[in-house]
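So you can see what is in the structure, the chains are spelled out below.
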Amino acid sequence: MTSELFSPLTLRSGAILKNRIAKAAMEENMAADGQLPGEQILTLYRRWAAGGSGLLITGNVMVHAEALTGPAGVVLDEHAPLEPFTDWAKAAKSGGGAVWMQINHPGRQVAAGMPGVVWGPTDIGVDLGKHSSRFGKPTAMTPQQIHETVERYAVTARRAEEAGFDGVEIHAAHGYLLSQFLSPLVNKRTDQWGGSLENRARMLLDIVRAVRASVSSSFAVAVKLNSADFQRGGFDADDARQVIEMLAPLGVDLVELSGGSYESPAMTGRPADDRTQAREAYFLDLAKDLVTTSPLPLMLTGGITRRVTAEKVLDSGVSVLGMGTALAVTPDLPERWRQDREADRPIRPVTWSDKALASAASMAQVRHQMRRLARGRTTRPGTHPAIALISEQRKQRKALRGYRTWLAKPRGVKA
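All values reported here derive from a predicted model rather than from experimental measurement. (Residues numbered from 1 in each chain as written. Predicted model: local features only at pLDDT ≥ 70, side-chain atom pairs only at ≥ 80, totals over all residues. Heavy atoms only, no water.)

A.B. asks: Break down the overall build of the protein chain for me, with residues and values.
C.D. replies: Helix and strand content of the protein chain: 13 helices and 13 strands. A compact globule built from 415 residues should have a C-alpha radius of gyration of about 22 Å, and the protein chain, at 19 Å, falls within 12% of that. Projecting the C-alpha coordinates of the protein chain onto the three principal axes gives extents of approximately 55 × 45 × 45 Å. Here the protein chain holds 415 residues, and 61% of them are scored as buried. Considering only residue pairs separated by 6 or more positions, the protein chain has 72% of its internal contacts joining residues 24 or more positions apart. Total accessible area computed for the protein chain in this model is approximately 15800 Å², and 50% of it derives from carbon and sulfur atoms. Across the protein chain, the centroid of the 52 positively charged side chains sits 7 Å from that of the 43 negatively charged ones. (Helix = DSSP H or I, 4+ residues; strand = E, 2+ residues; numbered from the N terminus. Rg over C-alpha atoms; globule rule 2.2 N^0.38 Å. Buried < 20%, exposed > 50% of the residue type's maximum accessible area, 1.4 Å probe, protein only. Contact = heavy atoms within 4.5 Å. Areas by Shrake-Rupley, 256 points an atom, 1.4 Å probe, with all protein chains shown as cover. Lys, Arg positive; Asp, Glu negative; His and termini not counted. Charge placed at Lys NZ, Arg CZ, Asp CG, Glu CD.)

If you want it as structure tokens, here you go:
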């Protein structure tokens, strides 16, 4: 079988990916003391590095110490010591591939009970029906907070380059802060950051400009964008097309397409409006339309587990395929594909009727596999999702105590 899977890709910055397979971002929730990458994360990334992926994208690294997606999240801001991140970059590049740091701010998607801040474009909270109380009530960001957040992204990107990472990916998908600003359902502002798509995209574009200005020209800058939010009246494929066009002149190397949010978890195959029931390559149909007009190379993530599906994605014109869950279970899957082999056993999708709970259990299953890899063990894709979810909740409670203690301590001058 002829294939582009293992052909290199040269990006606009001059960065070269050795093949078209990327380990997509999955939040590890494994921070060591001080919200830093520790030995578990290093072991995990060494295993992925040895598996043959041309690119590893980290789980989202937080740009704001007071705003985390979860209590075991990693923070890289102006005060964080750089050495643990240098070790992370070395571990991730030990197999000869590239590593990008995904940088993120959760906005309103912060669990209730977390210390710190819960911000959004407006005070509209996450609507999960009976599960809505799981998230904090957001406050609308002031112009000063918006400007300070733009600068935080630039600081994190600059320090990621200093640590030895090859690029950053700005997370503007999955319902996090930048996705919230893009969404007409969440962003009801009446100032320069609200209303038209151009205004709703302003914060993202300002961040891209600030990041690009703070790093070298050879450092890759990518954006993760929803192909659609999968909510009626929300950010849609035409919006995505226009935003990609806005990003093109700003020095962006690649746009990764995904979809959904906590309210509509299409990234786990369970959108709220049921417009896609695909079990593989969830967003391929949308990507096929976007790739015909995109001035930038596109990466597609979501539901890719088999080589035949990967080939289909590349045949559509997509430049890079991203895999998350598949590599959490089978970290050497790219090397297996090179040898015409497949994964032994995938994780079965969680099909509980409660989509919010099913999404949480799906993510817990994936983290359970990553933790096994981080401890040097083999994965167990047959672990029951309820067991994984209970275990995850226990770990989060313990991590929350540590995060509270850390956040209460004064942090020194820039490391």
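A.B. asks: Residues and numbers for the pairing of strand β12 (residues 298–301), please.
C.D. replies: Residues L298 and L300 of β12 are buried on one face, and the alternating residues M299 and T301, pointing to the opposite face, are buried as well. The pairing of β12 with strand β13 (residues 320–323) spans three bridges and is parallel. By the bridge assignment for β13, T301 is matched with G322. A crossover connection joins β12 to the parallel β13 through helix α9 (residues 307–315); in handedness this β-α-β unit is right-handed. (Pairing = 2+ DSSP bridges. Right-handed = clockwise from strand over helix to strand, strands pointing away.)

A.B. asks: Describe the pairing of strand β10 (residues 220–226), and please don't skip the residues or the numbers.
C.D. replies: Buried residues dominate β10, accounting for seven of its seven residues. Residues A220, A222, K224 and N226 of β10 are buried on one face, and the alternating residues V221, V223 and L225, pointing to the opposite face, are buried as well. Bridge count for strand β9 (residues 167–172) against β10 is six bridges, and the pairing is parallel. Residue pairing in the sheet places V168 in a bridge with V221 of β10. Where β10 meets strand β11 (residues 254–258), five bridges bridge the pair, whose relative direction is parallel. Bridge pairing in β11 places A222 opposite L254.

A.B. asks: Would you mind going over the nonpolar core in detail, with residue names and values included?
C.D. replies: Judged by nonpolar contacts, the single largest core of 97 residues is most densely connected at F85, I170, M203, L204, L247 and L321. Residue contacts for L204: discarding those within four places in its chain leaves I170, A172, L178, L182, V223, V243 and L247. A24, A98, A220 and L254 belong to the second largest nonpolar core, which has 16 residues in total. (Core = buried A, V, L, I, M, F, W, Y, C linked by side-chain atoms within 4.5 Å.)

A.B. asks: Please set out the pattern of salt bridges residue by residue, giving values where relevant.
C.D. replies: Side chains that carry opposite charge are capable of pairing whenever their charged atoms lie near each other. Applying the stated criterion to the full structure yields 19 salt bridges. Here E311 and R307 are joined by a salt bridge, their closest N and O atoms 3.1 Å apart. With E311 and R307 both in helix α9 and four residues apart, this pair spans about one turn of that helix. Accessibility expressed as a relative area gives 8% for E311, which makes it buried. Across the salt bridge formed by R371 and E392, the nearest N and O atoms sit 2.8 Å from each other. Taken as a pair, R371 in helix α12 (residues 355–374) and E392 in helix α13 (residues 385–408) lie far apart in primary sequence, 21 residues in all. Among the residues examined, E392 registers a relative accessible area of 6% and is labelled buried. What emerges from the salt-bridge pattern is a single network uniting E27, R367, R371 and E392. (Salt bridge = Lys/Arg side-chain N within 4 Å of Asp/Glu carboxyl O.)

A.B. asks: Tell me about helix α7 (residues 237–247), and name the residues and values.
C.D. replies: Those residues of α7 that sit buried are D239, A240, V243, I244, M246 and L247. One side of α7 carries all its buried residues, which in axial view fall inside an arc of 155 degrees. The N-cap of α7, judged by a side-chain oxygen 3.2 Å from the amide nitrogen of D238 a few residues on, is D236. (Arc of directions from axis to C-beta. Polar contact = N/O pair within 3.5 Å; in protein donor to acceptor, adjacent residues only side chain to side chain.)

A.B. asks: Please give an account of the side chain of Q145 that cites residues and values.
C.D. replies: Take Q145: it is sitting in helix α3 (residues 143–163). A distance of 2.9 Å separates a polar atom in the side chain of Q145 from the backbone nitrogen of T142. Not counting chain neighbours up to four residues away, the residues in contact with Q145 comprise W119 and A140.

A.B. asks: Got a sec to walk through α9? Specific residues and values, please.
C.D. replies: Among all positions in α9, only R307, T309, A310, E311, V313 and L314 are buried. As for α9, its buried residues are in contact with α8 (284–291), β12, β13 and α11 (333–338). Of the residues trailing α9, G317 is marked for its positive phi of about 110 degrees.

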